[in-house]
Amino acid sequence: AAVWDAVAVLDKTMFAKTGWFAIGPDNKRLAGVIIPNLDAGLRLLHEPDAQLAVVGRLRPGLAVVDIDVPGDRGWLIAEQVTRWATQRDLWTLSRPSGGADGRSHVFVAVGRRLDDMTDLVAGIRRHHGYGKNLVDVRDTVRPLSSPHRATGRRTLPLTLTGVQAVRVQIGLLEAALRIAP
């Protein structure tokens, strides 16, 4: 539980305060569900029979590559995006999306390099013949604290092995975004 409490703090660092909404198992926005902030969204997830996910807008300077390619190809694409970011000294964090093996989200503090990352992803799509529905750059995504809409499972990034690891990522992200702690 302590790790997930720390992850909620990381989510607050990654996401804008407003712009939250819920999606159902069919990946469609749930009409009439008002989510004023992350805490309210997370409380909603604990309601009986809640079959939904919370989605938020990333802070300016952050983007996520949503990879819906299953299996080894999906992991290879995630590694390619992560390597691109690391080679440019950009903060990055990857997590399995929870939908299927190989599907993932790669968060990147792109800063002024959003166009470069968008070009990278477009090149990956061209190379593999994929559409935007399979590999895309987005500014809205499910926070780390929210379960997957269909499976109901939360998936930690592999590097977040404990509370201290989460705190390190918060510090690195704050430095990358120049956010006062």
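**Q** So what exactly am I meant to see when it comes to helix 5 (residues 163-177) here?
**A** Since the α-helix turns once every 3.6 residues, residues separated by three or four places project in the same direction. Here helix 5 spans 21 Å end to end across 15 residues, near enough to the 21 Å set by a 1.5 Å rise per residue. Within two residues after helix 5, Arg178 carries a phi angle of roughly 55 degrees, on the positive side.

**Q** Would you mind showing me how to read the nonpolar core here?
**A** Burial of nonpolar side chains together is a common tendency in soluble globular proteins. Formed by 30 residues in total, the largest nonpolar core has its most connected members in Leu10, Met14 and Phe107. Going through the elements one at a time, helix 1 (2-14), helix 2 (38-45), strand 3 (62-67), strand 5 (104-109) and helix 5 are the ones with two or more residues in this core. By residue number, the principal contributor to this core is helix 1, which donates seven residues. Filtering out sequence-adjacent residues up to four positions away, Phe107 remains in contact with Met14, Leu58, Ala63, Val64, Trp91, Thr92, Leu93, Arg95, Val141, Arg142 and Leu144. Among the nonpolar cores identified, the runner-up in size contains 20 residues, and Trp84, Val106, Met117 and Val121 belong to it.

**Q** Help me understand the environment of Ser145, please; the structure alone is not making it clear to me.
**A** Here Ser145 shows up in the loop between strand 7 (140-141) and helix 5. Ser145 sits in the buried class, given a relative accessible area of 3%. As a C-alpha pair, Ser145 and Leu38 span 107 residues in sequence and 9.3 Å in three-dimensional space. Dropping the residues within four chain positions of it, Ser145 is found in contact with Trp4, Val7, Ala8, Asp11, Leu42, Leu45 and Arg154.

**Q** How should I be thinking about the sheet that holds strand 5 in this particular structure?
**A** Strand pairing in a sheet relies on backbone hydrogen bonds, with the paired strands running either antiparallel or parallel. In spatial order, the strands read 4-5-3-6; together these four strands make up an open sheet with antiparallel pairing. Pairing within the sheet leaves two strands with one partner each, and these edge strands are strand 4 (92-96) and strand 6 (135-138). Across the sheet, the mean angle from the axis of one strand to that of its neighbour is 15 degrees, orientation sign disregarded. Relative to strand 5, helix 3 (residues 71-87) is tilted by about 5 degrees, and along the sheet it contacts strand 3, strand 4, strand 5 and strand 6. Docked against the sheet, helix 5 engages strand 3, strand 4 and strand 5, running at close to 50 degrees with respect to strand 5.

**Q** How should I be thinking about the pairing of strand 3 in this particular structure?
**A** On any regular strand, side chains alternate: one points to one face of the sheet, the next to the other face. In terms of burial, strand 3 is a largely internal element, six of the six residues being buried. Both faces of strand 3 are covered, namely the face carrying Leu62, Val64 and Asp66 and the face carrying Ala63, Val65 and Ile67. Bridge count between strand 3 and strand 6: four bridges; the pairing is antiparallel. Each residue of the ladder has a partner; that of Asp66, found in strand 6, is Asp136.

**Q** Would you take a moment to explain the pattern of salt bridges for this structure?
**A** Opposite charge on two side chains allows them to pair when their charged atoms are near. Applying the stated rule across the entire model yields six salt bridges. The partner of Lys12 in a salt bridge is Asp39, and the shortest N-O contact between them spans 3.1 Å. In this pair, Lys12 sits in helix 1 while Asp39 sits in helix 2, placing the two residues 27 residues apart along the sequence. Residue classification places Lys12 among the partly exposed positions, given a relative accessible area of 40%. Here Asp39 falls in the partly exposed class, since its relative accessible area comes to 35%. Here Glu79 makes a salt bridge to Arg83, at a shortest N to O gap of 3.9 Å.

**Q** Would you explain the packing of aromatic side chains in this entry?
**A** Each aromatic ring pair is described using two quantities: the centre-to-centre distance and the angle formed by the ring planes. Following the criterion strictly, the structure yields one aromatic pair and no others. Relative to Trp20, the ring of Phe15 has its centre 5.3 Å away and its plane inclined at 35 degrees; by these criteria the two rings are tilted. Judged by relative accessible area, which is 1%, Phe15 ranks as buried. Accessibility expressed as a relative area gives 6% for Trp20, which makes it buried.

Criteria and thresholds
- Here the residue index of a chain counts from 1 through its sequence in written order.
- Totals for whole chains, interfaces and linings use all residues, but because this is a predicted model, local features are given only for residues with pLDDT of at least 70 and pairs of side-chain atoms are given and counted only at 80 or more.
- With hydrogens and water set aside, each side-chain value is computed from the structure's full complement of heavy atoms.
- Secondary structure elements are defined from DSSP: runs of H or I of at least 4 residues count as helices, runs of E of at least 2 residues count as strands, and each element is numbered from the N terminus.
- A helix is expected to span 1.5 Å multiplied by its residue count minus one.
- Side-chain atoms within 4.5 Å are what join buried Ala, Val, Leu, Ile, Met, Phe, Trp, Tyr and Cys residues into a set we call a nonpolar core.
- The buried label applies to any residue whose accessible area, calculated with a 1.4 Å probe on protein chains only, is under 20% of its type's maximum; exposed applies above 50%, and partly exposed to all values in between.
- In what follows, residue pairs with any heavy atoms lying within 4.5 Å of each other are defined as contacts.
- Strands pair, by our definition, only if DSSP identifies at least two bridges between them.
- Helix axes are fitted only over the stretch in contact, all axes being lines through C-alpha atoms; the angle between N-to-C directions runs from 0 to 180 degrees.
- For this document, the term salt bridge refers to a Lys or Arg side-chain nitrogen within 4 Å of an Asp or Glu carboxyl oxygen.
- In this analysis, rings of Phe, Tyr and Trp, with Trp reduced to its six-membered ring, are considered paired at centre separations within 6.5 Å, and the interplanar angle assigns stacked below 30 degrees, edge-to-face beyond 60, and tilted for intermediate values.

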